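Residue-level structure breakdown
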Amino acid sequence: MDKFLIKGPSILKGQVSISGSKNAALPILASTLLFDKPVTLKNLPRVRDIDTMLNLLRSLGSKIEFFDNKKKVRISKTKKQKYFASYSLLKTMRAGILVLGPLVAKHQKSITSFPGGCVLNGNSGRPINLHLNALQKLGMKFSILNGYIHASSKGKLKGKTIKFPSISVGATQHLLISSILSDGTTILKGVATEPEVVDLINYLNAAGANIKWVGKRTCQIIGVNSLKETNYTVMGDRIETGTFCVAATLTKGNLLIKGFDPSLIKTELDLLKKTGAKIKILNQEIHIKGPQKIKKINHLVTKEYAGFPTDLAPQFMVLLCKANGRSSITENIFKSRFMHAMELQRLGAKISIKNNQATIEGNTNFIGAEVMSSDLRASAALILAVISAKGISTVSRVYHCDRGYENIEKKLKKIGVNIKRIS
Ligand code: EPZ
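Keep in mind that what you see is a predicted model, and the values were worked out from it rather than measured.

It is at 11 Å that the axes of helix H8 (residues 238-250) and helix H9 (residues 266-274) come closest, and there the two elements cross at 5°. In terms of their interaxial angle, H8 and H9 are classed as roughly parallel. Residues Arg-238, Cys-245, Val-246 and Thr-249 of H8 form the contact with H9, whose participating residues are Glu-268, Leu-269 and Leu-272. Taken together, the residues that form the contact of H8 with H9 break down as four nonpolar, one polar and two charged.

Now the structure itself:
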């Protein structure tokens, strides 16, 4: 149960290199179950969720070879293919469910545990009905027993037209992966268009799949018989980039952020400009300077891409605590994603929550305190708040942070933060 001990306030200066994208790499890794040939992936982030997915693939019989300090991995098939994805591996990471479809598509069977992951919907949990209903349309049969999905199909899955009733990043990625070896053509309507979905499609097409965008939220997948040996470099992490951009804006900082395509986060950068940040874009680099006074944003609403991402709402809440006036955030993707608000109040924030809307009083001077992370992005928000707080703070349960931020304390130390990990 590591903690971070942080002495603030800090003004951030220097360079940050963004790691590979966790949310792009996870579905790409799951899809390797479809291959008879080796897949080599570069720019993998060294975070716990990637380790969990690699352990899951290993438990299903894949051979995993590491290179370049584990940032490059070669995944190949062995004779010992297995079909059981255990609760012990899926309980910490929702994306583990993405092995179900490829196992059924490739081997016509799987027993996969229901997934766990960040608690972002309060009591209603994070259902997978959109995944299961769509896989059923491709011909997967399943029954649920003791928390496991017992799934099978008679022969290959069959291409169909599927319209998602609501937009889901995970269900979109799952059906893209599960339909590329199907008989015939699949049309997916109402899909997510997040950059991580586009990165998955680019990689699958590089491997010999036949996926086309035929509408703003419609994909056509013509089934192929097999996939070829593939080398692919995973995109940079969009949310890590946004987190460091907020960090610079929050602390009157001056950062050069490398390793991410800035054109993919236009919405976030335009919002930070509104708060007063000075931003210059140079090729794959973002030069961002924080303002002396942070301007408020009246009303922030989380939406599917290219709207404002829910995974950056906690970090922006910290920024708005310091802005010159009242702001509000409406969370539309998850039912209750304000666990961090209570902890921010321990640092002096004034935030009131009503249903899925948070009203934030600005002009807060954070004072150091002990705070506790509740999920991955909440932990990032708390770290940002204590970096700008006066005095000493501890952030506990940083295992949440380790799930999706690579070496965050090392990166922060390099740009001027007084931070220490306490085991
Ligand atoms: C992905 O989660 C990301 N995770 C999340 O990031 C991100 O918050 C989310 O997309 C939205 O952008 C990964 O990529 C690994 P959804 P996912 O399916 O796929 C409901 C992070 O911090 N829903 O788009 O699980 C669901 O409950 C994580 O890195 C159903 O009701 O999100 C939610 O309210 C946190 N039934 C909404 O749809 C389903 O079958 C959107 O979820 C599926 C989803």
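Let us look at the packing of aromatic side chains. This structure, assessed with the given rule, holds four aromatic pairs. Relative to Tyr-148, the ring of Phe-84 has its centre 5.1 Å away and its plane inclined at 25°; by these criteria the two rings are stacked. With Phe-84 in strand E6 (residues 84-85) and Tyr-148 in strand E9 (residues 148-152), the pair connects residues that are 64 residues apart, well separated along the chain. Given the relative accessible area of 41%, Phe-84 is considered partly exposed.

Our focus in this paragraph is the pairing of E9. One ladder, built from five bridges, connects strand E7 (residues 109-113) with E9; its direction is antiparallel. Counted as the bridge partner of Lys-109 is Ser-152 from E9. Two elements, strand E8 (residues 141-145) and E9, share five bridges in a ladder whose sense is antiparallel. Within E9, the residue paired with Ser-143 across the bridge is His-150. Between E8 and E9, which pair antiparallel and follow one another directly, the connecting turn spans two residues, one of which, Asn-146, has a positive phi of 50°.

Here we come to the site of the ligand. With respect to spatial proximity, 21 residues lie near the ligand, and among them Arg-94, Asn-129, Ser-168, Asp-311 and Ile-333 are the closest. Here an oxygen atom of the ligand sits 3.0 Å away from a polar atom, N or O, in the side chain of Lys-22. The contact in question runs from an oxygen atom of the ligand to an N or O atom on the backbone of Ile-333, over 2.6 Å. A total of 830 Å² of accessible area belongs to the ligand in isolation, and the protein chains cover 86% of it. At the level of elements, helix H1 (22-31), helix H5 (129-137), helix H6 (169-179) and helix H12 (376-387) are the ones that each hand at least two residues to the shell around the ligand. Among the elements that make up the shell around the ligand, the one with the highest residue count is H5 (three residues). Residues of the shell around the ligand, tallied by class, amount to eight nonpolar, seven polar and six charged.

Conventions and cut-offs
- Residues numbered from 1 in each chain as written.
- Predicted model: local features only at pLDDT ≥ 70, side-chain atom pairs only at ≥ 80, totals over all residues.
- Heavy atoms only, no water.
- Axes fitted to C-alpha atoms, helices over the stretch in contact; angles between N-to-C directions.
- Helix = DSSP H or I, 4+ residues; strand = E, 2+ residues; numbered from the N terminus.
- Parallel < 35°, antiparallel > 145°, perpendicular 65-115°, else oblique.
- Contact = heavy atoms within 4.5 Å.
- Nonpolar A, V, L, I, M, F, W, Y, C, P; charged D, E, K, R; others polar.
- Phe/Tyr/Trp six-rings, centres within 6.5 Å; stacked < 30°, edge-to-face > 60°.
- Buried < 20%, exposed > 50% of the residue type's maximum accessible area, 1.4 Å probe, protein only.
- Pairing = 2+ DSSP bridges.
- Near = heavy atom within 4 Å.
- Polar contact = N/O pair within 3.5 Å; in protein donor to acceptor, adjacent residues only side chain to side chain.
- Areas by Shrake-Rupley, 256 points an atom, 1.4 Å probe, with all protein chains shown as cover.

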